[in-house]
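Tertiary structure, described
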2 protein chains.
Amino acid sequence: MVLYGAIEAGGTKFVCAVASGPDDILSEVTIATKGPAETLKEVVGYFKDYQEKSGEQINAVGIGCFGPVDLRKESGTYGYITSTPKEGWQDTEVAGFFERELKVPVGFDTDVNAAAYGEYLWGAGTGLEVVIYLTVGTGIGGGLYVHGKPVHGLIHPEMGHVIVRQDKNKDPFEGCCPYHGGCLEGLASGRAVDLRWDCHAAELAEDHAAWELEADYLAQGLINYILTVSPERIILGGGLMHKKQLFPMIRKKVQEKLNGYILIPAIQEEIDNYIVSPGLGEKSGICGAIGLAAGALAE
Amino acid sequence: MVLYGAIEAGGTKFVCAVASGPDDILSEVTIATKGPAETLKEVVGYFKDYQEKSGEQINAVGIGCFGPVDLRKESGTYGYITSTPKEGWQDTEVAGFFERELKVPVGFDTDVNAAAYGEYLWGAGTGLEVVIYLTVGTGIGGGLYVHGKPVHGLIHPEMGHVIVRQDKNKDPFEGCCPYHGGCLEGLASGRAVDLRWDCHAAELAEDHAAWELEADYLAQGLINYILTVSPERIILGGGLMHKKQLFPMIRKKVQEKLNGYILIPAIQEEIDNYIVSPGLGEKSGICGAIGLAAGALAE
C-alpha cells in the first residue's frame, strides 16, 4: 500500500493526515500554528511517530500552504513561504524541510490551490475546464484549476484582494487589509466582519444586516472572477460559508450584478449548481494535499 | 504550400487575409461590417476570388470573432455570435457558414482569444503559462491563454466588464455600458471617453485630464486580472493604446494600487516588460486567426 502524508498548513492550524487515498484517511491530527521551527518540527514528528508505530513508510508528502509562497521550481526559494503578514513566518522553507526530514518527494502548492485540486479530483469540480475554490475565513483566498492543472503564472492567484465597490454611506468601515484597505478581503473576510460589528462573525444572528453586506461584497468578487476567467463552477468554502443563508443571497446578487450579460443557463437558471459548497465538505484541502503527494510520487 | 484564410471579425470591420503563415500574408482586405448576410457573403466572396485568381486552394479558415460567441463544441449553436448588442447580429452562424461555403475546417474563437493566441504563438506571450491580451478600443475585451490553450470555461472571459471603483466627485460620468453602467468598459472604453469629453478620444491632447482617469480605470482592471489569474504578461492593444503615454501611467498606478502586496521583480522592478504593447503590432488578431486555421487543419 502506498502511503501519503498530507498537510494543510494554515496560519492558525496545521491539519496533518496519513492516507492511502481520499477515502482512506488512516490518521489525522491538528497542530496549532506557533513559530515556524517549532510547528514544522511537531508536524514532522507526527509523521515519524506514525511510521514508527505502524511500521509503514510514508512514500510522499503533499502540502497546501498559506502564503504567499514561492512556486517557481527554478527558484532558489521554491517551496518557501515568502512575504506573509504572519509574524515570524516570512522566508520560511517548508517543502524542502519535509523532503530532507522524511526523504520523500514533496508536492507543494498554495492552500487554496490544494483545496481546488481536491475538489477538481474528487469533489464539486471533477472534469471541468475552469474551477475556482474560494475560501472565506479569517482571510479570503482563491485557488484556480484550468485545463486540469493549477494556475500559478507570475506567483499564484491572490483572489481575496480584488477591487470591490463600497458605499460608504451604507458601510463606513474602513477595511482591514493592511495593503489595500477595502479590497474584498479587507471588507468581507471574517476579520473584517468581526471588526465591523465588534462581534465574532459566528455569533451574528442569521438575519443580521452583516450578511446582506457580506453577500454583496462576495458577489462583487465572484463577478470579477466570472468575467476574468469564466469558471464553470465556483466552490465556496471556509468558516463564513457555514452561514448557509449566504449562498442564496450571493447567487441572487451575482445574477443581479451581471444583469443578463452572460445569457447562459448555468447562471440564469441553474445557479444553485454553479455557486456551490465544497463537494468534499471540510476535506477539500487535505484531499488536495493527498493529490499533491500522489503527483509528487508519480513524477 | 498550405494556405490559410484568416478573419478578424469585428463590429466595425472584418479584416480578412490569405496567408501561409504569420510572416507570409499574401493578400489582405478590410470589409466594413454591415448586416450579417451581406458581410459574410462579401468575406466568403473575397476568399473565393482569391482562389479563382491564384488557382490555389485555401485549406483551412481561422476566425477571431466579436461576441459573445458560442464556443461549446457540443452545442447546437457552436460558432454562432449569440447575445451581442450589435444590431442585427444576434444569433448569427459564423463558423458553420464558412465551413459550408469553402468546404474546409474552421477554427473559431473570440476576437481577443485569437489575438492572445497570436501573441502566444509569435508575439509578446511566447512560452508563458498565463497570458492576457486586452484590447482597449470602442469596447474593452480580454483574451486569456493558460497552459498553452485558450480559456473558454463557462463561455469565455469578458474582462471588459469587471468592477472598478469610481469617484463620482472626480468623474461624474454615469458610464456607458448598457448592462453595468460604470464597469471598466462603461468608464474606460473609447466610447466612454468620447461621451465623457464630448470629443473623439484620438483628438484629445496628450496631457488632457482624460488620460489620468483612463489610466486609473485600466490599472484597476489590470489589478483584478493580476490577482485573479496571475498573468506572466499583460499585452495591451486596441485603438486607445496608441496613446503611448498611457503605458507608463498605467504601470505606475498598478504598482501603487498593488501597494507592495506582490513582491516580485516582474512587478516591482521590471514592469516595463510586464505590461506591454503587442509584439505583433496591429497583427495580433489576424496572426491568431492564422494560428486557429492551422489548428483546425491539424485536427
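In every chain, residue numbers begin from 1 and rise along the written sequence. Going through the entries in the order they are written, you letter the chains from A and number the ligands from 1. Given that this is a predicted model, residues contribute local features only at a pLDDT of at least 70 and side-chain atom pairs are listed and counted only at 80 or more, while totals for whole chains, interfaces and linings are drawn from all residues. Computation of side-chain values covers all heavy atoms of the structure but excludes hydrogens and water.

**Re the overall build of chain A**
Secondary structure elements follow DSSP: runs of H or I no shorter than four residues count as helices, runs of E no shorter than two count as strands, and numbering proceeds from the N terminus. What chain A contains, in helices and strands, is 9 helices and 12 strands. The size measure is the radius of gyration over C-alpha atoms, and the globule rule it meets is 2.2 Å times the number of residues to the 0.38 power. Over its C-alpha trace chain A gives a radius of gyration of 19 Å, about what one expects of a compact globule, namely 19 Å for 299 residues. Along the first, second and third principal axes, the C-alpha atoms of chain A reach 60 × 40 × 35 Å. Burial analysis of chain A (299 residues in total) assigns 60% to the buried set. Whether a residue is buried, partly exposed or exposed follows from its accessible area with a 1.4 Å probe, protein chains only, as a fraction of its type maximum: under 20%, in between, or over 50%, in that order.

**A closer look at the environment of B:Asn273**
All names here are of chain B. Structurally, Asn273 can be placed in the loop between α8 (265-268) and β12 (275-276). A residue is classified by how much of its surface remains accessible, and Asn273, at 47% relative accessible area, is partly exposed. Between the alpha carbons of Asn273 and Glu232 there is a distance of 9.9 Å; along the sequence they are 41 residues apart.

**Some thoughts on the pattern of salt bridges**
All names here are of chain A. A side-chain nitrogen of Lys or Arg and a carboxyl oxygen of Asp or Glu constitute a salt bridge if their distance falls within 4 Å. One pass over the full model with this rule turns up 26 salt bridges over all chains. For Lys283, the salt bridge identified is with Glu28, shortest N-O distance 2.9 Å. Placement of Lys283 in the loop between β12 (275-276) and α9 (284-298) and of Glu28 in strand β3 (residues 24-32) is noted, with a sequence separation of 255 residues between them. Its relative accessible area of 39% is what places Glu28 among the partly exposed residues. Here the salt bridges do not stand alone but share partners, grouping Glu212, Asp216, Lys253 and Lys257 into one network.

**Re the interface of chain B and chain A**
Contacts between the two partners involve 48 residues from chain B and, on the opposite side, 48 residues from chain A. At the boundary of chain B with chain A, total buried surface from both sides reaches about 4,200 Å², with 64% on carbon and sulfur atoms. Reported buried area values correspond to the accessible surface (1.4 Å probe) lost by two parts on association, with both partners' losses combined. Three residues, B:Leu154, B:Ile163 and B:Tyr261, lead the burial of chain B against chain A; their summed loss comes to 19% of the area buried on that side. Our count for the chain B to chain A interface comes out at 0 salt bridges. Any N or O atom pair separated by 3.5 Å or less is treated as a polar contact, with the protein-specific requirement of one donor-capable and one acceptor-capable atom, and with residues adjacent in sequence counted only for side-chain atom pairs. Between the two partners, chain B and chain A, sit 34 residue pairs in polar contact (both at pLDDT 80 or more). Every element with two or more residues in the side of chain B that touches chain A is listed here: β9 (140-146), β10 (149-150), α6 (209-229), α7 (246-258) and α8 of chain B. By the convention used here, residues are in contact when the closest approach between their heavy atoms is within 4.5 Å.

**Here's the deal with the relation of the copies chain B and chain A**
Least-squares fitting of one copy onto the other uses the C-alpha atoms of those residues that reach a pLDDT of at least 70 in both copies. Overlay of chain B on chain A (RMSD 0.0 Å): rotation 180°, translation along the axis 0.0 Å. In short, the pair behaves as if placed about a two-fold rotation axis. Within chain B, B:Arg165 has its C-alpha nearest the rotation axis, a separation of 2.8 Å.

**So, the domain arrangement of chain A**
How big an interface is tends to be expressed through the accessible area that disappears when the partners come together. Residue and element names in this part refer to chain A. All domain edges in this entry derive from an automatic or database-based domain assignment. Segmentation of chain A into domains returns domain 1 (4-111 + 282-298) and domain 2 (124-277). Contact residues are listed per partner, giving 9 residues for domain 1 and 9 residues for domain 2. Summing both partners gives a buried area of about 710 Å² for domain 1 against domain 2, and 53% of it is carried by carbon and sulfur. Our count for the contact surface shared by domain 1 and domain 2 stands at 0 salt bridges. At the junction of domain 1 with domain 2, the criterion picks out 3 residue pairs in polar contact (both at pLDDT 80 or more). Under this grouping Gly is polar, as are all residues other than the nonpolar Ala, Val, Leu, Ile, Met, Phe, Trp, Tyr, Cys and Pro and the charged Asp, Glu, Lys and Arg. Tallied by class, the residues present in the side of domain 1 that touches domain 2 amount to 3 nonpolar, 3 polar and 3 charged.

**Remarks on the sheet that holds strand β11 (residues 233-237) of chain A**
All names here are of chain A. Only when DSSP finds a minimum of two bridges between them are two strands counted as paired. The 5 strands lie next to each other as β10-β9-β8-β11-β12, forming an open sheet whose pairing is mixed. Edge positions in the open sheet fall to β10 (149-150) and β12, since each of these has one partner strand only. Bridge count for β11 against β12 is 2 bridges, and the pairing is parallel. Across the sheet, Ile235 pairs through a bridge with Val276, a residue of β12.

**What to know about the nonpolar core**
Side chains of a nonpolar character, in soluble globular proteins, are inclined to be buried together. By nonpolar core we mean a set of buried residues, namely Ala, Val, Leu, Ile, Met, Phe, Trp, Tyr and Cys, connected to one another through side-chain atoms within 4.5 Å. Counting residues in each nonpolar core, the largest one holds 107 residues, and the members touching the most others are A:Val254 and B:Val254. In this view, A:Val254 contacts A:Ala219, A:Leu222, A:Ile223, A:Ile226, A:Ile271 and A:Ile275; residues no more than four positions away in its chain are not counted. Listed in part, the 31 residues of the second largest apolar core include A:Val43, A:Trp89, A:Phe97 and A:Phe108.

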